[in-house]
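Single-letter residue listing:
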Amino acid sequence: SRDGVTVVAPLPSGAYRIAAGMPDFIGDGSPVSLAAVQEMIDRRLGNGVRVRELFDAGWGAAQVRPQARIADRFREGRCVLVGDAAHIYSPIGGQGMNGGIQDAHNLSWKLALVSTGQAGDALLDSYAVERRAISERARKATEMQMKVGGTRSRVGIAARNRFVSTATRFP
């Protein structure tokens, strides 16, 4: 809608996840009321969709301001950063969780080889180089998603909505 993107995604439990860009939100992590969510749904999706209950998805039903940050270094001596300690992005696309899992996979086999003497310490440096480059690409992708999702221009909104309408026709 003109107010921003609203994503309503069905979950296996029968509940729905709602993610919405809110240009006028506080973003301080404060709880969101059922009435505020219902008002936003009514304004953006029209009448007929009823929100009966809000569930805690692990971080609560809250207003959050997406952050995009990457650590300067992923490795310093024996300290290695993985997942959210190394990088954070908007949760909308799931890149953070996926990136953290990929970090752990990339690092685990390298740690195994280095700790058993089958590879030198330099192999751990390759983790930092490889994963930082991937983190930069993920950060750029999430920033682009947020920019496209939050566009306020009529042309941008029309293009975004046409793209999303087409893309969501496929499983």
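Quick look at the structure, then.

Conventions and cut-offs
- Throughout, residues of each chain are indexed from 1 in the direction in which the sequence is written.
- Local features in this predicted model are restricted to residues whose pLDDT is 70 or higher, and side-chain atom pairs enter the listing and the counts only when it is 80 or higher, whereas totals over whole chains, interfaces and linings include all residues.
- Working from all heavy atoms in the structure, the side-chain values ignore hydrogens and water.
- In summary, the pairing rule links any two rings of Phe, Tyr or Trp, Trp by its six-membered ring, whose centres are within 6.5 Å, and it sorts them by plane angle into stacked for under 30 degrees, edge-to-face for over 60 and tilted for everything else.
- Under the scheme used here, helices are H or I runs from DSSP no shorter than 4 residues and strands are E runs no shorter than 2 residues, and both carry numbers assigned from the N terminus.
- Here the term buried applies to any residue with accessible area under 20% of the maximum for its type, exposed to any over 50%, and partly exposed to those in between, with areas from a 1.4 Å probe on protein chains only.
- Here a strand pair is declared whenever DSSP counts at least two bridges between the two strands.
- Counted as a polar contact is a pair of N or O atoms within 3.5 Å, where, for protein atoms, one must be capable of donating a hydrogen and the other of accepting one, and residues adjacent in sequence contribute only when both atoms are in side chains.
- Here, two residues are considered to be in contact whenever any of their heavy atoms come within 4.5 Å of each other.
- What counts as a salt bridge is simple: a side-chain nitrogen of Lys or Arg found within 4 Å of a carboxyl oxygen of Asp or Glu.
- One fewer than the residue count of a helix, multiplied by 1.5 Å, yields its expected span.
- This arc is taken over the directions from the axis of the helix to the C-beta atoms.

Details of the packing of aromatic side chains
What describes a pair of aromatic rings is the distance from one ring centre to the other and the angle between the planes of the rings. On inspection of all chains with the given rule, the structure shows 1 aromatic pair. Ring centres of Phe-74 and Tyr-127 lie 6.3 Å apart, and the angle between their planes is 45 degrees; on these two criteria the pair is classed as tilted. Of this pair, Phe-74 sits in the loop between strand S5 (69-70) and strand S6 (75-76) while Tyr-127 sits in helix H3 (residues 122-149), placing them 53 residues apart in sequence. When sorted by exposure, Phe-74 lands in the same class as Tyr-127, which is buried.

Some remarks on the pairing of strand S1 (residues 6-10)
Relative to strand S2 (residues 16-20), S1 runs antiparallel, the two sharing 5 bridges. Residue pairing in the sheet places Thr-6 in a bridge with Ala-20 of S2. The antiparallel hairpin formed by S1 and S2 contains 5 residues in its connecting segment, where Gly-14 sits at a positive phi of about 100 degrees.

A few points about the side chain of Thr-6
Turning to its location among the elements, Thr-6 is positioned in strand S1. Of the polar contacts made by the side chain of Thr-6, one reaches the side chain of Arg-44; its length is 2.9 Å. Ignoring sequence-local partners within four residues, the contact set of Thr-6 consists of Ile-18, Ala-19, Ala-20, Met-40, Ile-41 and Arg-44.

Some words on the pattern of salt bridges
Under the counting rule described, the total for this entry stands at 10 salt bridges. The partner of Arg-75 in a salt bridge is Asp-125, with the nearest N and O atoms 2.6 Å apart. Separated by 50 residues along the polypeptide, Arg-75 in strand S6 and Asp-125 in helix H3 bring together distant segments of the chain. Judged by relative accessible area, Asp-125 falls into the partly exposed class, the value being 41%. Here Glu-143 ties to Arg-139 by a salt bridge, and the two come within 2.9 Å at their closest N and O atoms. Here the residue Glu-143 and the residue Arg-139 both occupy positions in helix H3, the gap between them amounting to 4 residues, near one helical turn. By relative accessible area, Glu-143 is classed as partly exposed at 38%.

Digging into helix H2 (residues 95-115)
For H2, which comprises 21 residues, the first-to-last C-alpha distance of 29 Å matches the rise-based estimate of 30 Å (1.5 Å per residue) to within 8%. Along H2, the residues that are buried comprise Gln-95, Gly-96, Gly-99, Gly-100, Asp-103, Asn-106, Leu-107, Lys-110 and Val-114. Seen from one end, H2 has its buried residues packed into an arc of 135 degrees, which puts them on one side. Exposed residues on H2 whose side chains face more than 90 degrees from its buried face are Met-97, Ile-101 and His-105. In this fold, the buried residues of H2 make contact with strand S7 (79-80), strand S8 (87-88) and H3.

So, to be careful, I would describe these as geometric facts and stop short of saying anything about function.
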